[in-house]
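# Notes for the structure review
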Amino acid sequence: MPLEQVLVLLTAAAAAGWVDAVVGGGGLLQLPAILMTGMPTVEAMATNKLSSVFGTTSAAVAYARSSKLDREVAIPGAAMAVVSAGLGAWAAASISADVLRPAVMVVLLAVAAFVTLRPSMGALPEPRLRTRARVAAAVATAGLGIAFYDGIMGPGTGTFLIIAFTTILGLDFVSASASAKIINIGTNVGALAVFAVEGHVQWLLGLFMAVCNIGGAQVGARMALKRGAAFVRIVLLCVVVAMVFRLGWQQFG
């Protein structure tokens, strides 16, 4: 691979780590960059997972030190996510992304409208929303539904997790982002395990990208913790709009 391509991928990995640490959606940057090298789609997805799992874990550690994690949801959700994302990765080769993209675009547009029309959402925690039923619903939504989507397609997983935690449990954006990282570790590990067994991972390239992903993730997590929910909300809206345009271009461009 030419040096220029490698440098582009390393830069994309660092930027993706930053985005993932703040609101998720780093795959929006990293996966297209890998695909531009001409790598087959499944191999690109697999290598993206290898890089992402290191960056996500690094961000999770930074958040955990601030005690922002909702462990009651994040830990069981992550355990379920390993299996669910693995099943999604196993099904990835048999389900066309062209079928999924329109549905994902509709959901993202709904997310953008919801966050825009409810500026108070995620600004402060809403403990009144937290019930046993809602905790169970949040675990199932994150550990099963969103995790399966991450295995089969991926981009926007962290964003969907944050929205799920803020709307179902009333977490503020920073706590939701922190908890999402633990689930994301599970989804990345589950999908990566399946891709690795099937021989799709480009290990050397993925590990070099992982180093840059970790660097970006550390910067992103620290910025989110320092600047708070308002900063995360702005980045979230920017990432959602960018994902809609990117998926629209892939589908109709």
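Source: prediction; values computed, not measured.

## Overview of the packing of helix H7 (residues 157-169) against helix H8 (residues 173-197)
Close contact between H7 and H8 brings their axes to 8 Å; oriented N to C, the two are set at 130 degrees. When the axis of H7 is compared with that of H8, the two are oblique. Pair H7 / H8 crosses with right-handed handedness. Facing H7, whose interface residues are Thr157, Gly158, Leu161, Ile162, Phe165 and Thr166, H8 presents Phe173, Ala176, Ser177, Ser179, Ala180, Ile183 and Asn184. Residue classes in the contact of H7 with H8 are distributed as 7 nonpolar, 6 polar and no charged.

## Observations concerning the pattern of salt bridges
Summed over the entire model, instances satisfying the criterion amount to 4 salt bridges. One salt bridge connects aspartate 70 with arginine 130, and the closest N-O pair in it is separated by 2.6 Å. Here aspartate 70 is found in the loop between helix H3 (41-64) and helix H4 (71-91), whereas its partner arginine 130 is found in the loop between helix H5 (97-117) and helix H6 (132-152), with 60 residues between them in sequence. Residue classification places aspartate 70 among the buried residues on the basis of a relative accessible area of 10%. Judged by its relative accessible area of 31%, arginine 130 falls in the partly exposed class. Linking glutamate 126 and arginine 128 is a salt bridge whose minimum nitrogen-to-oxygen distance equals 2.9 Å. What makes arginine 128 exposed here is its relative accessible area of 64%. Via salt bridges that share partners, Asp70, Glu72 and Arg130 belong to a single interconnected network.

Calculation criteria
- Every chain's residues receive numbers from 1 upward, in the order its sequence appears when written.
- Whole-chain, interface and lining totals are the exception, using all residues; otherwise, since this is a predicted model, local features are given only for residues with pLDDT of at least 70 and side-chain atom pairs are given and counted only at 80 or more.
- To obtain the side-chain values, all non-hydrogen atoms of the structure were included, while hydrogens and water were left out.
- Orientation is described by axes fitted as lines to C-alpha atoms, over the contacting stretch for helices, and by angles from 0 to 180 degrees between their N-to-C directions.
- In DSSP terms, a helix is any run of H or I states spanning at least four residues, a strand is any run of E spanning at least two, and both are numbered starting from the N terminus.
- Roughly parallel means an angle under 35 degrees; roughly antiparallel means over 145; roughly perpendicular covers 65 to 115; every other angle is labelled oblique.
- Should the near helix be turned anticlockwise from the far one by less than a right angle, the crossing is termed left-handed; should it be turned clockwise, right-handed.
- Residue contacts follow a heavy-atom distance rule, with two residues in contact if any of their heavy atoms lie within 4.5 Å.
- Under the scheme applied here, ten amino acids are nonpolar (Ala, Val, Leu, Ile, Met, Phe, Trp, Tyr, Cys and Pro), four are charged (Asp, Glu, Lys and Arg), and all others, including Gly, are polar.
- Take a side-chain nitrogen of Lys or Arg and a carboxyl oxygen of Asp or Glu: if they are within 4 Å of each other, that pair is a salt bridge.
- Relative accessibility thresholds used throughout: buried, under 20% of the residue-type maximum; exposed, over 50%; partly exposed, between the two (1.4 Å probe, protein chains only).

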